[in-house]
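Each chain, letter by letter, is given below.
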Amino acid sequence: MINVSIKQDLNNVTVRISDTGIGISPEDQDRIFERFFKADRSHSRKYGGSGMGLAIVKQIVSLHKGDIRVESEPGQGTTIIITLPI
Ligand SMILES: Nc1ncnc2c1ncn2[C@@H]1O[C@H](COP(=O)(O)OP(=O)(O)O)[C@@H](O)[C@H]1O
Ligand SMILES: [Mg+2]
């Protein structure tokens with residue numbers, strides 16, 4: 001299940017993208033925004049991907065002077081939170 005929500009306050013818009021997927025370990029959460037980083041290498045063939053997605057998203061968000069962060073619980077799911085100034 002993927003849930004997308006948007007909230008606006010005086011200065012910022014916050015976009016939250018949540019899933020009920022496999023989650024990301026605390027160690028990997030520190031690295032997912034690095035180029036070519038893929039968590040759990042033993043499964044990287046199974047899940048595919050290039051490890052570029054979040055690095056590109058982070059770059060775009062930075063160029064808009066925004067902020068991106070992750071909250072995740074292994075086995076429960078992941079939320080990516082993007083804040084953009086208005
Ligand atoms: N929603 C998610 N749930 C679990 N793991 C994720 C999620 N998003 C990213 N990851 C982990 O972070 C790594 C890097 O993600 P990303 O930069 O989006 O790579 P890709 O371009 O391969 O999709 C992925 O290989 C995966 O291990
Ligand atoms: Mg991705």
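This text gives an overview of the structure that appears in the document.

About the thresholds
Residues numbered from 1 in each chain as written. Chains lettered and ligands numbered in written order. Predicted model: local features only at pLDDT ≥ 70, side-chain atom pairs only at ≥ 80, totals over all residues. Near = placed C-beta within 6 Å. Helix = DSSP H or I, 4+ residues; strand = E, 2+ residues; numbered from the N terminus. Nonpolar A, V, L, I, M, F, W, Y, C, P; charged D, E, K, R; others polar. Pairing = 2+ DSSP bridges. Axes fitted to C-alpha atoms, helices over the stretch in contact; angles between N-to-C directions. Contact = placed C-beta atoms within 7 Å.

**Quick word on the site of ligand 1**
Here is step 1: Around ligand 1 there are 17 residues in total, and K38, A39, G49, G53 and L54 lie nearest to it.
Here is step 2: Ranked by the residues each element gives to the shell around ligand 1, the list is headed by helix 3 (residues 53–63), at three residues.
Here is step 3: For the shell around ligand 1, the class distribution of residues is eight nonpolar, six polar and three charged.

**Describing the sheet that holds strand 1 (residues 2–8)**
Here is step 1: Read across the open sheet, the four strands follow the order 1-2-4-3; overall the sheet is antiparallel. One side of each edge strand has no neighbouring strand; the edge strands of this open sheet are strand 1 and strand 3 (67–73). Strand-to-strand twist in this sheet, taken as the mean axis angle between neighbours without regard to direction, amounts to 15°.
Here is step 2: Across eight bridges, strand 2 (residues 12–19) lies against strand 4 (residues 77–85) in antiparallel orientation. What sits directly across from I17, in strand 4, is I80.

**Quick look at the environment of I32**
Here is step 1: Here I32 is to be found in the loop between helix 1 (26–29) and helix 2 (44–47).
Here is step 2: Other than its neighbours up to four places away in sequence, I32 contacts I24, F37, A39, L54 and V70.

**Digging into the environment of E71**
Here is step 1: Take E71: it is sitting in strand 3.
Here is step 2: Once you skip the residues sitting within four places of it in the chain, E71 turns out to touch T79 and I81.

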